[in-house]
Amino acid sequence: MRALLAASCAALAVAALAVAPTAFAADAITAQYRTSASGATTDQAEPWFKLVNSGTTSIPLSDVKIRYYFKSDTPDVGYRFACSWAVRGCGNVTGQFGTLTGGPADRYLEVGFTSGAGTINPGADSGDLQLRFYRTNWGPINQTDDYSFRADSNYSASNKITVHRGGTLLWGTPPGGTPPTTTTTSSTPPNPNGPKLFDDFAYNNSSDSRISQRGWTVRSGGGGPGVPGAEWDASRVTFPTVDGQKVLRLDSWNNGSAAKQTELFHQRKFFEGTYASRVKFSDVPVFGPDGDHVVQTFFTITPLDAPMAPNYGEIDFEYLPNGGWGEQGNIMYETTWETYQNEPWVADNIHNEQRVSYNGWHDLVFQVANGRVKYYIDGVLVADHGDKYYPETPMSINFNLWFISGGLQGSSAERAYQQEVDYVYFAKDQVLSPAQVKTAVQDYRNAGVTHTDNV
């Protein structure tokens, strides 16, 4: 009889986990779940949530926690959280990780809210919470053994997601095992001695073997963007000495029809942190007639796997000295991309612009951290983007100089434009001000360091 009573009590306790106690009967939230990463393995899990208030009281989201349960992957190097987009604003969404033992899950992601997220009124919902997390080494995540995972691309209620208000369970059934630990933050504190890339471009020419050994590629062959049929000419990527300092020079040429464009890019391994470069833009060609729609750049990019692929990312500084894309004069764009498709053209991005000349040398910095991408020119904040436009995957670092299709002026005379780059710098997982970047670069130069990369 004692065993029977114990079993009955245990069954009642488990059943009670999925509902709120009587004292909180007016509070009721249903957790809806879907994912945009439905594969058995993925480089990042993407649990998306929508909370529906099915009760009779308004509930401040700052009182609410959502837990998504999963199995850790080997080796356990830790996880990081990111918000791609949220109706209530990614700046109002937090993510932490906790641990469990003895049940079908040993980890959970706990999602919380700041007061800026507002409340959910009866009958209303929170709107989309498009979230993701990944291993700190970007290793594969096996989702098949994750308690809360379900390969659904459409929202529906999931009782393997739990919702809590204070110490009260409002929705879902936890996986069991020992009580959860105090949650730990998902981000790693900035490490001033952490991984960095610095390159002073002290190379002999575009065939210098150190370029490829250090992860760079001098682009050659065909392909976009640019004038149809244009060639990416590696020989026009050079490393002259300017004012006593080695620089990267991109020199792009055309004759009104044919074109030779230039690009240098690093391998795809850069994500959150601070990116910086000192770049010399030019408003006029070094010879020949002016007027072509030319694009001079410093940017990062993730390749587009398919039209409108959600994991595409791009962060751009693009200077158009002669206009283009409907602009008539000097314009600088800072553009952060969610995704796009070529045919028919659909662009999902956000941008700022400055309609002034940037002829000459300029310090460019962008910070990728905490769900925001912030752009600086010569120490001044010029753009702040986030929400769904925040990048999801590692990117390459790129510089290129190219001509907009249909943007060559009518002359058949030869002409060439140049862009020069003094250095490039990246500090992984650190948010550095433009002044701090200048100090770091000068420290490298004072020490005689022309290249380092431990990213």
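Residues numbered from 1 in each chain as written. Predicted model: local features only at pLDDT ≥ 70, side-chain atom pairs only at ≥ 80, totals over all residues. Heavy atoms only, no water.

Engineer: Could you give an account of the pattern of salt bridges, with specific residues and numbers?
Structural biologist: With the rule as written, the count across this model stands at 24 salt bridges. A salt bridge links D348 to K388; the nearest nitrogen and oxygen atoms lie 3.1 Å apart. Of this pair, D348 sits in strand 28 (residues 346–354) while K388 sits in the loop between strand 31 (380–386) and strand 32 (396–403), placing them 40 residues apart in sequence. The buried category is assigned to D348, whose relative accessible area is 17%. You can call K388 partly exposed: its relative accessible area is 25%. For R355, the salt bridge identified is with E353, shortest N-O distance 3.5 Å. The class of R355 is exposed, set by a relative accessible area of 52%. Linked through salt bridges whose partners overlap, the residues forming this network are D200, R278, D363, D422, K438 and R445. (Salt bridge = Lys/Arg side-chain N within 4 Å of Asp/Glu carboxyl O. Helix = DSSP H or I, 4+ residues; strand = E, 2+ residues; numbered from the N terminus. Buried < 20%, exposed > 50% of the residue type's maximum accessible area, 1.4 Å probe, protein only.)

Engineer: Describe the sheet that holds strand 1 (residues 29–35), and please don't skip the residues or the numbers.
Structural biologist: Taking strand neighbours across the sheet as the criterion, the 5 strands line up as 6-10-3-1-12 in an open arrangement whose pairing is antiparallel. Looking at the sheet topology across the chains shown, the edges are occupied by strand 6 (79–86) and strand 12 (156–157). Pairing of strand 1 with strand 12 involves 2 bridges; the strand directions are antiparallel. Across the sheet, Y33 pairs through a bridge with S156, a residue of strand 12. (Pairing = 2+ DSSP bridges.)

Engineer: An account of the environment of R88 is requested, with residue identities and associated values reported.
Structural biologist: Relative to the assigned elements, R88 resides in the loop between strand 6 and strand 7 (93–99). Between the C-alpha atom of R88 and that of G118, which follows or precedes it by 30 residues, the distance is 7.8 Å. With sequence-adjacent residues up to four places away left out, R88 is seen in contact with L61, A117, G118, T119, I120, D125 and S126. A distance of 3.2 Å separates the side chain of R88 from the backbone oxygen of S126, its partner in a polar contact. (Contact = heavy atoms within 4.5 Å. Polar contact = N/O pair within 3.5 Å; in protein donor to acceptor, adjacent residues only side chain to side chain.)

Engineer: Go over helix 3 (residues 434–446) with me, naming the residues and quoting the values.
Structural biologist: In this model helix 3 runs 18 Å from its N-terminal to its C-terminal C-alpha over 13 residues, within 8% of the 18 Å that 1.5 Å per residue would give. Every buried residue belonging to helix 3 is among P434, V437, A440, V441 and Y444, and all of these are buried. The buried side chains of helix 3 occupy one side of the element, clustering within an arc of 120° when seen end-on. Relative to its buried face, helix 3 has exposed residues pointing more than 90 degrees away, namely A435 and N446. Lining the buried residues of helix 3 we find strand 16 (196–199), strand 24 (273–281), strand 29 (360–369), strand 30 (372–377), strand 33 (415–428) and strand 34 (451–453). (Expected span 1.5 Å × (residues − 1). Arc of directions from axis to C-beta.)

Engineer: Report on the layout of surface pockets, specifying residues and quantitative values.
Structural biologist: The calculated volume of the largest pocket comes to roughly 960 Å³. Along the wall of the largest pocket there are 29 residues; nearest its centre are P225, E314, E318, W337 and W402. When residues of the lining of the largest pocket are traced back to their parent elements, those giving at least two are strand 23 (259–266), strand 25 (294–302), strand 26 (313–320), strand 27 (331–341), strand 28 and strand 32. For the lining of the largest pocket, the per-class residue count stands at 14 nonpolar, 9 polar and 6 charged. (1 Å grid on protein atoms, 1.4 Å probe; cavity = no way out; pocket = protein on both sides within 12 Å on 5 of 7 lines; lining within 4 Å. Points joined across faces, edges and corners; volume = space filled by probe spheres on them. Nonpolar A, V, L, I, M, F, W, Y, C, P; charged D, E, K, R; others polar.)

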